[in-house]
Amino acid sequence: MPQAVPAIYSGPSPAPQVTLAGRFAALLVSGGCLALLLTAAWLHPSPAGVSTHTGLGLPSCQFLARTGIPCVSCGMTTSFSWFVRGNLLASLYVQPMGTVLAAMCAITVWAGLYIALTGKPLARLLRLIPPRYYIAPLMTWTILAWGWKIFIHLRGIDGWR
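Below is a summary of the structure that appears in this document. (Residues numbered from 1 in each chain as written. Predicted model: local features only at pLDDT ≥ 70, side-chain atom pairs only at ≥ 80, totals over all residues. Heavy atoms only, no water.)

Within the secondary structure, A90 sits in helix α4 (residues 88-94). Spatially, the C-alpha atoms of A90 and V29 are 27 Å apart, while their sequence positions differ by 61 residues. Here A90 is in contact with W82 and W160, once residues within four sequence places are set aside. (Helix = DSSP H or I, 4+ residues; strand = E, 2+ residues; numbered from the N terminus. Contact = heavy atoms within 4.5 Å.)

Printed below as a string of structure tokens:
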């Protein structure tokens, strides 16, 4: 009977460096998220809780205009605008999903810079967590946030002053 060879622990192998193209892509993503946050800082949050995006010359939400019910993304720009001003309570109240997306955007700025400057990948950490642990909660949060936005809009309390 052959003898079993004992397992030898050698530690994890070092993660491969991100290619130059990957580092550039990380820098672009980081810059894009930074541009979103800077744009939100430039805009003044609407006291009505919606239509902050019209400050960019964009049209009002046609879904809201036609149905009287806010769309899934109604209040996102306002939420981002409150978030970058440090008023997390207003951001969360106006559009809860906007707060989550703004926080993810801020984290992505720093993560992208880290990858671009060091060449170390961060995506390998996400692979350790099965998608069902973050996709399903994000989808659920999106639906709940939309329900909240509809609720406060129909009650006429969707603004923050």
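The subject of this paragraph is the packing of aromatic side chains. On inspection of all chains with the given rule, the structure shows 3 aromatic pairs. Measuring from centroid to centroid gives 5.6 Å for Y93 and W148, while their planes differ by 80°, and the two rings are edge-to-face. Taken together, the positions of Y93 in helix α4 and W148 in helix α7 (residues 135-154) put the pair 55 residues apart, joining distant regions of the chain. W148 gets classed as partly exposed once you look at its relative accessible area, which sits at 30%. With a centroid separation of 5.8 Å and an interplanar angle of 35°, the aromatic rings of W148 and F151 are classed as tilted. (Phe/Tyr/Trp six-rings, centres within 6.5 Å; stacked < 30°, edge-to-face > 60°. Buried < 20%, exposed > 50% of the residue type's maximum accessible area, 1.4 Å probe, protein only.)

Right, let's talk about the state of the cysteines for a bit. Throughout the structure, instances matching the rule amount to 0 disulfides. Cysteine C71 is unpaired, with the sulfur of C74 as its nearest cysteine sulfur at 3.6 Å. You can call C71 buried: its relative accessible area is 17%. C74 forms no disulfide, and the closest cysteine sulfur to it belongs to C61, at a distance of 3.6 Å. (Disulfide = S-S within 2.5 Å.)

Next up on the list: the packing of helix α1 (residues 20-42) against helix α5 (residues 96-118). Viewed as axis vectors pointing N to C, α1 and α5 meet at an angle of 150°, and their least axial separation amounts to 8 Å. Relative to α5, the element α1 is oriented roughly antiparallel. Every pair of crossing elements has a handedness; the one defined by α1 and α5 is left-handed. Touching R23, A26, L27, V29, S30, C33, L34, L36 and L37 of α1 are A102, C105, A106, T108, V109, G112, L113, I115, A116, L117 and T118, all from α5. Here the residues of the contact of α1 with α5 sort into 15 nonpolar, 4 polar and 1 charged. (Axes fitted to C-alpha atoms, helices over the stretch in contact; angles between N-to-C directions. Parallel < 35°, antiparallel > 145°, perpendicular 65-115°, else oblique. Left-handed = near helix turned anticlockwise from the far one by under 90°. Nonpolar A, V, L, I, M, F, W, Y, C, P; charged D, E, K, R; others polar.)

So, on to the layout of surface pockets. In this approach the atoms are scanned with a rolling probe the size of a water molecule, which exposes any empty space left behind. Estimates place the volume of the largest pocket at around 520 Å³. Lining the largest pocket are 18 residues, and of these I107, T108, A111, L122 and L126 sit closest to its centre. Going through the elements one at a time, α1, α5 and α6 (123-127) are the ones with two or more residues in the lining of the largest pocket. The biggest single contributor to the lining of the largest pocket is α5, with 6 residues. The residue inventory of the lining of the largest pocket, partitioned by class, reads 15 nonpolar, 3 polar and no charged. When its volume is computed, the second largest pocket comes out at roughly 170 Å³. H53, S73, C74, G75 and T77 are, among the 13 residues lining the second largest pocket, the residues nearest its centre. (1 Å grid on protein atoms, 1.4 Å probe; cavity = no way out; pocket = protein on both sides within 12 Å on 5 of 7 lines; lining within 4 Å. Points joined across faces, edges and corners; volume = space filled by probe spheres on them.)

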